[in-house]
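For reference, the chains in residue letters:
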Amino acid sequence: MYLDRRLWAFTRGVRLRIAGATLAGLLAVLAGTARLALLGWVLGRVLTGDTLAELVGPIGAVAALIALRGLLEYGRTMAAHHTAARVQRRLRGRLYEQITALGPAHFAQTRTGDVVLSVVEGVQQLEVYFGQYLPQLFVSALTPFLLFAVVLAIDPPLAWVFLLAAIATFLLPALWHRWDSRHSFARSKAYSAYGAEFLDAVQGLRTLAAFGQSHSRARLLEERGRALFQATMWLLSTNTLARGISDVCIALGAAGALAIGTYRVQAAQMELTALVVVLMLGVEIFRPLRELRVVLHQGMLGLSAAQGILQLLALKPSVTDGRADAPGDPGRPRTDNAVGGLGGGAAPLPPDQKESSTANRGSLDPSLALENVTFRYPGGRSAALEHLTLEVAAGERVGVVGASGAGKST
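Residues numbered from 1 in each chain as written. Predicted model: local features only at pLDDT ≥ 70, side-chain atom pairs only at ≥ 80, totals over all residues. Heavy atoms only, no water.

S.K.: Would you explain the confidence of the model for the chain in this entry?
M.R.: Close inspection of predicted coordinates is inappropriate in any region flagged by low pLDDT. Here the chain averages 76 in pLDDT, while 80% of its residues score no lower than 70. Across residues 324–345, confidence stays below pLDDT 50; counting only partners more than four residues off in sequence or on other chains, it has 33 contacts. (pLDDT = per-residue confidence, 0-100. Contact = heavy atoms within 4.5 Å.)

Put into structure tokens, the structure is as follows:
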């Protein structure tokens, strides 16, 4: 299964909501089980000759159970999506703090395209992971054992047939995906490479045109796109094969239960009504596994997309502030002792300079002043700045406004 302890850490504070969504899913399974069991009993009574008038009450109960199951499924879906939204909001906050802590010293030496894809596309993929995959995984893992206890009270041999088929349906596709997970990571890598190249090309379109590199960059994007296409098609084909494994296990389980049940009815070891009820319950046993089969691929994509996010969160800032109230870790003293600005924290002042700094703190407040400054660009017809005098005091905020070409950027 696609579980990661580092991703599970992001669910702190919403785990009760995940448990509630799982409980709602299990209650929906029980409601569906009761519905199918009652419906199977009704069909059995019809086969034995009961009239429709005698079955009005049970048919009304089946309709009520259908409505109850629909409400439980709606509640589970809404709770799962709200939980995913909360986890996403917390994750985006962590990423913002991390990017702020890394600062320009890191992003001046790396490609921003990978970071943008992780922050936007990666977090979006995790919505499906937390909102649909995790709750469905827990429901699918618990449902076979829950219904095994129900079927065991009706006919033990058929209960064991359904349980073994359900376990195989649950485990075999997951083992296949785990063995083939390298293709998922290869597709995620190809997607990141294509997205980063495309974003860089769009951002630097004017520069590429100025230096005549538009065609070479187009060829590079074509190669990246072809690699992404091949990786995506291979991933889809393996995912289709995993679905085939699930369908085969479900079909074998249903066929085996039908064959054994028919033999037991002919041998007078089981009543026909009981066989119909058990076969109806088999539909509910495999239903969560079919739903898991749909989102299993999404769970694999979410875990692949999370690798970029986890790598970004694991980075250490190349330049850190030595103050105790440094942003990114409020209220926690810094212990960096690296000298300069490339190995960690700012270098501490020698004792004599520290005393001088304390004595002259008032004169060392940061400020910015320009006095009668004139600046002209080489070849410019007029000065960009002329006789500019400006002073910005410590703690003051100044906004520079003006028409295009007035000299704001200068």
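S.K.: Even after reading the chapter, I still don't get the nonpolar core, so can you show me in this structure?
M.R.: A general tendency of soluble globular proteins is for nonpolar side chains to be buried together. The biggest cluster of nonpolar side chains holds 51 residues, and the ones touching the most others in it are Leu7, Phe10, Leu91, Leu126 and Phe130. The set of elements that each furnish at least two residues to this core consists of helix H2 (15–47), helix H3 (56–107), helix H4 (112–154), helix H5 (156–179), helix H8 (214–266) and helix H9 (272–314). By residue number, the principal contributor to this core is H9, which donates 18 residues. Leave out the neighbours within four places in its chain, and leucine 126 touches Leu7, Leu91, Gly302, Ala306 and Ile309. (Core = buried A, V, L, I, M, F, W, Y, C linked by side-chain atoms within 4.5 Å. Buried < 20%, exposed > 50% of the residue type's maximum accessible area, 1.4 Å probe, protein only. Helix = DSSP H or I, 4+ residues; strand = E, 2+ residues; numbered from the N terminus.)

S.K.: Would you take a moment to explain a positive patch on the surface for this structure?
M.R.: Among the surface-exposed residues, Arg12, Arg15, Arg86, Arg89, Arg90 and Arg94 lie close enough to one another that they form a single positively charged patch. Relative to the elements of secondary structure, arginine 12 occurs in the loop between helix H1 (5–8) and H2. (Patch = residues over 30% accessible without salt bridge, like charges linked within 9 Å, V, L, I, M, F, W, Y side chains within 5 Å. Areas by Shrake-Rupley, 256 points an atom, 1.4 Å probe, with all protein chains shown as cover. Salt bridge = Lys/Arg side-chain N within 4 Å of Asp/Glu carboxyl O. Lys, Arg positive; Asp, Glu negative; His and termini not counted. Charge placed at Lys NZ, Arg CZ, Asp CG, Glu CD.)

S.K.: I'm lost on a nonpolar patch on the surface in this one. Help?
M.R.: On the surface, a nonpolar cluster with roughly 440 Å² of combined accessible area is contributed by Phe145, Ile167, Leu171, Leu172 and Leu175. It is H5 that provides the largest number of residues to the nonpolar patch, a total of 4 residues. When you line up the elements, leucine 175 lands in helix H5. Under the relative-accessibility criterion, leucine 175 is labelled exposed at 51%.

S.K.: When you look at the side chain of glutamine 98 in this model, what are you seeing that I'm missing?
M.R.: You can see glutamine 98 is positioned in helix H3. Classification of glutamine 98 as buried rests on a relative accessible area of 13%.

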